[in-house]
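# Notes for the structure review
Each chain, written out:
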Amino acid sequence: MAYDTKKIIDILISNISEMSEVQSIGICGSKSSFPRAGEGDIDIFIYCDMIPNPEKRQAILNQLGNHVQECKVNIFEGGHWGIGDFVLINGIETWLMYFTVNETVTDVESILSGKYPDKLDNYYYPIGRCAMLKNINILCDKNNFLDDLKKGLFEYPDKLGKILIQYHLDELDDTEDLERAVVRKDVLFYHFAMDIAVDHFLQALFAINKVYFPSRKRTLDFIENFNIKPENCNEKLLEVIRLGGLSEKIDHSFSIWSDMVNELKKLSNIGEINSPSSF
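A few points on the structure. (Residues numbered from 1 in each chain as written. Predicted model: local features only at pLDDT ≥ 70, side-chain atom pairs only at ≥ 80, totals over all residues. Heavy atoms only, no water.)

### With respect to the environment of F86
Condition: Secondary structure elements follow DSSP: runs of H or I no shorter than four residues count as helices, runs of E no shorter than two count as strands, and numbering proceeds from the N terminus. Residue contacts follow a heavy-atom distance rule, with two residues in contact if any of their heavy atoms lie within 4.5 Å.
Position of F86 among the secondary structure elements: in strand β4 (residues 83-89). What F86 contacts, discounting residues up to four positions off in sequence, is L61, E70, C71, K72, I75, E93, T94 and W95.

So this is what it looks like as C-alpha cells:
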C-alpha cells in the first residue's frame, strides 16, 4: 500500500518522538504541504538531551519498511547542521538533523550576542539559524523547549542590530575591488566583488528592519515588506546586477550602487521605526 508523503512523515515523526532522548522536533516550511520530488527537500530538526546512537536511529528508520526508497544514518556528523540522517520519501530528499538542547541554547545565545556577525563556512549564516528557529513549525515539544525558544526570539535584540549594522556598513566602505573592476571594465571581477558587497548590504538592511537574515533565498520578497529601505530598492538592486553584466555599463551600475549604499547609511539611523515582525 502506497502512503502519501504526509502520512509517512507523520509516522516518522511519531517514531522519532518515542525515543526517550528526543525532546522536540520541528520542521522548516509547512507541516502539511510538502514539495514534490525534484522541487525541494524536507528539513526536520530534532533536539535531544543526548543524541540517540546510530543503531537506535537506524532501527527507527527501518520501521518505515518499503514506504521509503532509501535511508542512511550519519551522512554528516557535527558542525552547523548537527548529526544528519537521510531518508528518501516518495523521491523527496528528507534530512533529519539532530542537535542537543544544550548546544542549541549556547549557539543561539552566542549569535544573539553578536559573536557571529557574518556568514561562515560555505555561506552558512549563523543569524539564519535564529530566523529558522523563530519560524519553525513545531511537531513535538515534550517540555516546551522549542516554544520557549521561539518566544525568546520574537523580539529582535537592539544590541545585536547595532553590532550587525555597524559591521556590515563598515564592510561596505571597502570598495577597492569594485572600483578596480569598474576601471578595467572587468565583468567577472565586478560580479565577484558585487556579490560580496550585496551580501553585506542585505545583512545591514535586514538588521535595520530588525529581521533575522535567513539566507539569500527569497530576498526580494522580504525587502518588499520592509518599512525601512532605499527608494525603489528591489528595482535598483536588479538594475545594478543587470548593468554590471555589461562592460560598457559597469560604471553606471556602480553609480547606482554607491547611491544605494549612501542611502542605506542614512537609513541606519532610523532605529526607532518598527519593522514587520511576521518573518
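### Here we look at unusual backbone geometry
Heads up, the rule is: Only protein chains enter the accessibility calculation, which uses a 1.4 Å probe; a residue whose area is less than 20% of its type maximum is buried, one above 50% is exposed, and one in between is partly exposed.
Unlike most non-glycine residues, N74 shows phi in positive territory, near 60°. By the secondary structure assignment, N74 is in strand β3 (residues 70-76). Notably, N144 is not glycine yet its phi reads approximately 65°, a positive angle. Within the secondary structure layout, N144 lies in the loop between β6 (137-141) and α5 (145-153). Judged by relative accessible area, N144 falls into the partly exposed class, the value being 42%.

### Points about a negative patch on the surface
Formally: Excluding any residue in a salt bridge, patches collect residues exceeding 30% relative accessible area, merging like charges within 9 Å and nonpolar Val, Leu, Ile, Met, Phe, Trp and Tyr side chains within 5 Å. Each accessible area is a Shrake-Rupley estimate made with a 1.4 Å probe; only the visible protein chains count as cover when residues are assessed. One side-chain nitrogen of Lys or Arg within 4 Å of one carboxyl oxygen of Asp or Glu is enough to make a salt bridge. Counted as positive: Lys and Arg. Counted as negative: Asp and Glu. His and the chain ends are not counted at all. Lys charges are placed at NZ, Arg charges at CZ, Asp charges at CG and Glu charges at CD.
Residues D170, E171, D174, E176 and E179 make up a contiguous surface patch of negative charge. Contributions of two or more residues to the negative patch are made by α6 (158-172) and α7 (176-184). Following the sequence through the fold, D174 ends up in the loop between α6 and α7.

### A short note on the nonpolar core
Note the cut-off: In plain words, nonpolar cores are sets of buried Ala, Val, Leu, Ile, Met, Phe, Trp, Tyr and Cys residues tied together by side-chain atoms within 4.5 Å.
Core analysis: the biggest nonpolar cluster contains 63 residues, and Y47, Y190, F201, Y212 and W257 have the highest contact counts within it. By residue number, the principal contributor to this core is helix α8 (residues 187-208), which donates 13 residues. Beyond its immediate stretch of four places on either side in the chain, Y47 contacts E21, V22, Q23, S24, F99, V101, T104, M132, L133, F145 and L146. Among the nonpolar cores identified, the runner-up in size contains 25 residues, and F34, I46, L61 and I83 belong to it.

### Describing the sheet that holds strand β5 (residues 92-100)
The line we're drawing: The criterion for strand pairing is that DSSP finds at least two bridges linking the strands in question. Only the stretch in contact is used when a helix axis is fitted, and all axes are lines through C-alpha atoms; the angle between N-to-C directions ranges over 0 to 180 degrees.
In spatial order, the strands read β3-β4-β5-β2-β1-β6; together these six strands make up an open sheet with mixed pairing. For this open sheet the edge positions go to β3 and β6, each flanked by a neighbour on one side alone. Geometrically, the sheet is characterised by an average inter-axis angle of 20° between neighbouring strands, direction not taken into account. Alignment of β4 against β5, held across seven bridges, turns out to be antiparallel. Opposite I83, over in β5, you have Y98 as the bridge partner. On the sheet, helix α3 (residues 101-112) packs against β1 (22-27), β2 (42-48) and β5 and is oriented at approximately 85° with respect to β5. Together, β1, β2 and β6 form the strand contacts of α5, whose direction differs from that of β6 by roughly 140°.

### Structural notes on the environment of F254
Mapped onto the fold, F254 is located in helix α11 (residues 250-267). Along the primary structure F254 and L178 are separated by 76 residues, whereas in three dimensions their C-alpha atoms are 7.7 Å apart. Setting aside chain neighbours within four positions, we find F254 in contact with T175, L178, E179, V182 and Y190.

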